[in-house]
There are 2 protein chains.
Amino acid sequence: MKITIKDIANEAGVSIATVSKILNKKDDNISEKTRQKVLAIIKEKNYIPNTIARSLVTKQTKTIGLVIPDITNPFFPELVRGAEDCASACGYNIFFCNTDDKIEKEEKYINMLVEKMVDGIIFTQSANNNEGFNHLSQIKKPMVLIDRDVDIPNIKGKVLVDNFNGACEGVKYLIKSGYKKIAFISGPFSTKTSLDRLEGYKKALEENNLLFDKELVLEGEYKEEWGNKAIGILIRNKILFDAIFCANDIIALSAMKSLKEAGMRIPQDVAVLGYDDIYMAKLTDPALTTIRQPNYEMGYEAVKLLVEILENEKVENTLIRLNTELVIRQST
Amino acid sequence: MKITIKDIANEAGVSIATVSKILNKKDDNISEKTRQKVLAIIKEKNYIPNTIARSLVTKQTKTIGLVIPDITNPFFPELVRGAEDCASACGYNIFFCNTDDKIEKEEKYINMLVEKMVDGIIFTQSANNNEGFNHLSQIKKPMVLIDRDVDIPNIKGKVLVDNFNGACEGVKYLIKSGYKKIAFISGPFSTKTSLDRLEGYKKALEENNLLFDKELVLEGEYKEEWGNKAIGILIRNKILFDAIFCANDIIALSAMKSLKEAGMRIPQDVAVLGYDDIYMAKLTDPALTTIRQPNYEMGYEAVKLLVEILENEKVENTLIRLNTELVIRQST
DNA sequence: ATGAAAGCGCTAACAA
DNA sequence: TTGTTAGCGCTTTCAT
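What counts, and where the lines are drawn
Residues numbered from 1 in each chain as written. Chains lettered and ligands numbered in written order. Predicted model: local features only at pLDDT ≥ 70, side-chain atom pairs only at ≥ 80, totals over all residues. Heavy atoms only, no water. 1 Å grid on protein atoms, 1.4 Å probe; cavity = no way out; pocket = protein on both sides within 12 Å on 5 of 7 lines; lining within 4 Å. Points joined across faces, edges and corners; volume = space filled by probe spheres on them. Helix = DSSP H or I, 4+ residues; strand = E, 2+ residues; numbered from the N terminus. Nonpolar A, V, L, I, M, F, W, Y, C, P; charged D, E, K, R; others polar. Buried < 20%, exposed > 50% of the residue type's maximum accessible area, 1.4 Å probe, protein only. Pairing = 2+ DSSP bridges. Contact = heavy atoms within 4.5 Å. Buried area = accessible area lost by both parts, 1.4 Å probe. Salt bridge = Lys/Arg side-chain N within 4 Å of Asp/Glu carboxyl O. Right-handed = clockwise from strand over helix to strand, strands pointing away. pLDDT = per-residue confidence, 0-100. Near = heavy atom within 4 Å. Polar contact = N/O pair within 3.5 Å; in protein donor to acceptor, adjacent residues only side chain to side chain. Domains from an automatic or database assignment. Axes fitted to C-alpha atoms, helices over the stretch in contact; angles between N-to-C directions.

Undergrad: Explain empty space enclosed by the protein here, please?
TA: To find the voids left in a structure, one rolls a probe of water-molecule size over its atoms. In the structure shown here, the tally under the stated rule is nine cavities of 30 Å³ or more. Quantified by volume, the largest cavity comes out at close to 250 Å³. Surrounding the largest cavity, 16 residues form its lining, Pro74(A), Pro77(A), Pro74(B), Pro77(B) and Tyr279(B) being those nearest its centre. Only α5 (76-89) of chain A together with α5 (76-89) of chain B provide two or more residues apiece to the lining of the largest cavity. In the lining of the largest cavity, the residues fall into eleven nonpolar, three polar and two charged.

Undergrad: Would you mind showing me how to read the pairing of strand β5 (residues 155-161) of chain B here?
TA: For a regular strand, the rule is simple: side chains alternate between the two faces of the sheet. All names here are of chain B. By the criterion of burial, β5 is predominantly enclosed, with six of the seven residues buried. Summarising the sheet, strand β4 (residues 143-146) and β5 pair through four bridges and their orientation is parallel. Across the sheet, Ile 146 pairs through a bridge with Val 159, a residue of β5. With five bridges joining them, β5 and strand β11 (residues 318-322) adopt parallel strand pairing. By the bridge assignment, Leu 160 is partnered in β11 with Arg 321.

Undergrad: How should the interface of chain A and chain B be read in this particular structure?
TA: When the parts come together, some accessible area is lost, and that loss is often what is quoted as the size of the interface. Taken together, the contacts link 55 residues of chain A with 55 residues of chain B. Across the chain A/chain B interface, buried area totals approximately 5200 Å², and carbon plus sulfur atoms make up 59% of it. Inspection of the chain A/chain B interface yields six salt bridges. Ionic pairing is found between Arg81(A) and Asp70(B), a salt bridge with its closest N-O pair at 2.9 Å. Broken down by class, the residue content of the side of chain A that touches chain B amounts to 25 nonpolar, 15 polar and 15 charged.

Undergrad: Before we go on, may I ask you to explain the pairing of strand β9 (residues 271-276) of chain A in this structure?
TA: Residue and element names in this part refer to chain A. The element β9 is largely enclosed, with a buried count of six among its six residues. Where strand β8 (residues 243-246) meets β9, three bridges bridge the pair, whose relative direction is parallel. Paired with Ala 243 across the bridge in β9 is Ala 271. After leaving β8, the chain enters helix α11 (residues 249-261) and then returns to the sheet as β9, a path that is right-handed. Sheet topology note: the β9/strand β10 (residues 289-292) ladder contains four bridges and is parallel. The partner of Gly 274 across the bridge, within β10, is Thr 290.

Undergrad: Can you walk me through the confidence of the model for chain A in this structure?
TA: For residues with low pLDDT, the predicted coordinates do not support detailed interpretation. Predicted confidence across chain A gives a mean pLDDT of 91, with 95% of residues reaching 70 or more. Here helix α7 (residues 134-138) of chain A stands out as the least confident element of chain A, with mean pLDDT 64; β10(A) is the most confident, with 97.

Undergrad: Hey, could you run me through the protein's contact with DNA strand D in this one?
TA: In the vicinity of DNA strand D lie 27 residues, with Ile5(A), Ser20(A), Lys26(A), Tyr47(A) and Lys21(B) positioned nearest. Put simply, 68% of the atoms of DNA strand D that lie within 4 Å of the protein are in sugar or phosphate. At 2.6 Å from a phosphate oxygen of DNA strand D is found a side-chain nitrogen or oxygen belonging to Ser20(A). Within the contact set of DNA strand D, a sugar or linking oxygen lies 3.0 Å away from a side-chain nitrogen or oxygen of Lys59(B). Going through the elements one at a time, α2 (16-23) and α4 (51-58) of chain A together with α2 (16-23) and α4 (51-58) of chain B are the ones with two or more residues in the surface near DNA strand D.

Undergrad: So what exactly am I meant to see when it comes to the pattern of salt bridges here?
TA: Note on pairing: side chains with opposite charge can pair once their charged atoms come close. As enumerated under the stated definition, the model contains 42 salt bridges over all chains in all. Between Arg148(A) and Asp147(A) there is a salt bridge whose closest N-O contact spans 3.9 Å. Taken as a pair, Arg148(A) and Asp147(A) share a single burial class, namely buried. One salt bridge in this structure joins Lys172(A) and Glu207(A), with 3.3 Å as the shortest N-O distance. Within this pair, whereas Lys172(A) is found in helix α8 (residues 163-176), its partner Glu207(A) is found in helix α9 (residues 192-207), the two being separated by 35 residues in sequence. A cluster of three or more residues bridged by salt bridges with shared partners is formed by Asp70(A), Asp100(A), Lys105(A), Arg81(B) and Asp85(B).

Undergrad: Which parts of the structure should I look at to understand the domain arrangement of chain A?
TA: All names here are of chain A. Each domain of chain A was delimited in the assignment, giving domain 1 (5-58), domain 2 (63-161 + 295-323) and domain 3 (163-292). Computed over C-alpha atoms only, the centres of domain 2 and domain 3 are separated by 29 Å. Here domain 2 and domain 3 share one salt bridge between them. When the shortest N-O distance is used, the salt bridge between Glu 297 and Arg 292 registers 3.3 Å. Joining domain 2 to domain 3, the criterion identifies two residue pairs in polar contact (both at pLDDT 80 or more). Looking at side-chain class alone, the side of domain 2 that touches domain 3 contains four nonpolar, two polar and four charged residues.

Undergrad: Sorry if this is basic, but what is going on with the sheet that holds β10(A) here?
TA: Across a sheet, strands are paired by hydrogen bonds formed along the backbone, either parallel or antiparallel in direction. Residues and elements named next belong to chain A. A sheet is described by the order of its strands in space; here six strands give the open sequence β7-β6-β8-β9-β10-β12, paired in mixed fashion. The open sheet has two edge strands with one neighbour each: β7 (217-219) and β12 (325-327). Direction aside, neighbouring strands of the sheet carry axes that sit 15 degrees apart on average. Packed on one face of the sheet, α8 meets β6 (182-186), β8, β9, β10 and β12 and runs near 165 degrees to β9. Sheet strands in contact with α11 are β6, β8, β9 and β10, and its direction is about 160 degrees off that of β9.

Dropping the structure here:
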């Protein structure tokens with residue numbers, strides 16, 4: 001049988017109110033003697049307070065929902081880890097949800113989260129849908145957006161990455177290393193992320209007086225297969241290039257594979273620059289030069305921000321923009 | 001202001017009991033007319049029941065704790081994804097925890113989970129500690145163990161992988177392909193997992209009348225660096241080998257890197273066999289032959305089993321052993 | 001310094 | 001067929 005605050009009170013010969021006060025450190029005017037006695041009994045009986053009951057009255061669950069597309073995508077584990085670490089440090093627990101970029105799933109999970117009375121939600125918007133936010137707009141829970149920038153009405157904060165400068169810096173490095181015909185194997189232009197990187201790419205060319213050639217820009221998906229396909233297109237269309245800048249590391253890896261299969265040497269014949277710096281980037285052959293996204297920090301900062309919003313109203317509508325870092329390895 | 005069951009009852013001109021019954025589909029003897037009316041109002045008011053309040057009385061939260069070492073380790077995302085998918089399908093939510101193989105963290109999280117009143121816990125035991133289960137033994141929540149086999153008193157079920165046969169099959173394949181001096185770059189022998197694989201390795205040798213040479217077995221950690229180190233040891237000690245069987249894919253990748261740096265060609269000079277089949281295995285160069293662990297299924301089956309235990313007492317003490325699958329690629 | 005009591009939103013036995 | 005009521009375990013106000 002589960003032991004409750006009442007059992008403790010009985011055992012100690014005090015009221016449950018007293019026990020509750022001690023439990024919540026609102027024990028300014030509780031005699032040290034009873035405090036010690038109660039504490040001792042709590043320990044002895046191995047009493048664990050029932051958070052559910054507490055939540056019912058305090059209206060907060062110390063729980064936050066984390067909604068991402070897919071933990072299986074190497075981009076997310078670090079982010080999730082960062083979020084979890086911060087949550088744990090702040091005394092929060094995390095409900096974890098994968099939406100697969102599907103609106104129905106988003107909707108279902110958001111509902112579940114609201115039912116479970118989470119205090120707030122961390123949300124990574126699906127890549128696809130820039131329309132149907134109706135379901136999201138209705139939610140009154142504080143939300144902070146992460147990684148992908150979209151305009152949803154009731155957002156309380158955003159944690160984004162400076163994709164423009166990240167891409168720009170990376171491409172500049174490529175140029176400085178002597179590469180001139182740099183292909184950009186991009187993600188979908190329906191995302192701000194891809195658009196920003198494209199701008200960064202253009203800026204780098206411009207600053208170095210290189211002409212922007214739209215043949216060198218290929219729009220695709222943030223998926224492994226796209227790297228392979230893109231190289232196919234480039235080669236088939238006999239487009240000349242001496243370097244490729246990939247929208248993420250998975251694409252870069254699969255592109256590297258295709259490049260090798262086509263008999264090109266990396267980085268002698270063509271340089272490869274990735275984006276993200278996933279775990280595997282350092283283990284590839286050659287090790288991948290890439291623009292590191294601070295994924296762990298992103299997750300961490302997002303819940304930090306959310307907790308701040310939750311615990312002291314003021315900080316609403318904050319935008320945190322994190323910087324990338326160029327990690328130079330052997331593929332360039 | 002949050003809208004409650006009372007508001008619905010008022011609006012509909014019925015009692016809260018009636019609304020509750022309809023909500024819980026215990027509406028056998030509620031007239032279709034009131035049912036419709038109430039349902040309509042629920043919809044109109046966009047009423048979302050408060051699960052917290054419900055849990056307080058029903059004593060179940062429809063919530064499961066998932067405790068793993070580290071989501072950042074490529075082994076876990078698929079497992080977590082499987083767990084989450086099944087949970088979601090069964091109407092459960094998942095609290096997600098990373099312990100970093102640290103006992104204190106395990107303890108802290110388990111406590112948090114109990115406080116949050118999870119219905120059950122899915123647990124991957126830390127690699128290191130075969131001692132201090134005191135904290136775990138005290139927990140009365142149903143627990144199912146996953147991946148790593150240890151004997152903890154109050155476990156209600158286990159989902160494991162058949163490491164013996166997995167390793168055996170893999171090594172046999174290596175032998176059949178003509179490799180004779182197969183090094184085993186193992187994980188720590190403090191884990192049953194590693195021990196089982198070692199036995200499988202031995203069995204395969206034996207069945208093919210090859211002598212077991214303990215110089216070819218190196219015990220280390222399930223960490224990337226170990227692959228690199230192990231190759232170093234092998235080479236430094238001038239131990240001859242024409243194939244390596246690695247305890248997991250990360251080790252295999254880092255070993256492949258070292259091998260190449262030492263000027264050996266894969267698979268001509270030395271074959272590399274991994275274990276796990278992580279996402280990246282197919283993207284390496286050459287693509288890695290590996291023994292696929294059914295990680296997704298493992299996670300999925302674990303929560304399925306837990307839910308069964310939770311919802312109909314009978315199935316206690318079940319052991320589910322999943323099979324591996326040899327995935328042949330270009331590294332052998 | 002301590003306790004009585006109301007109430008959080010809901011379910012479930014029992015009454016009507 | 002529907003409603004009344006007693007909790008679930010806790011916090012918090014207000015007395016004492």
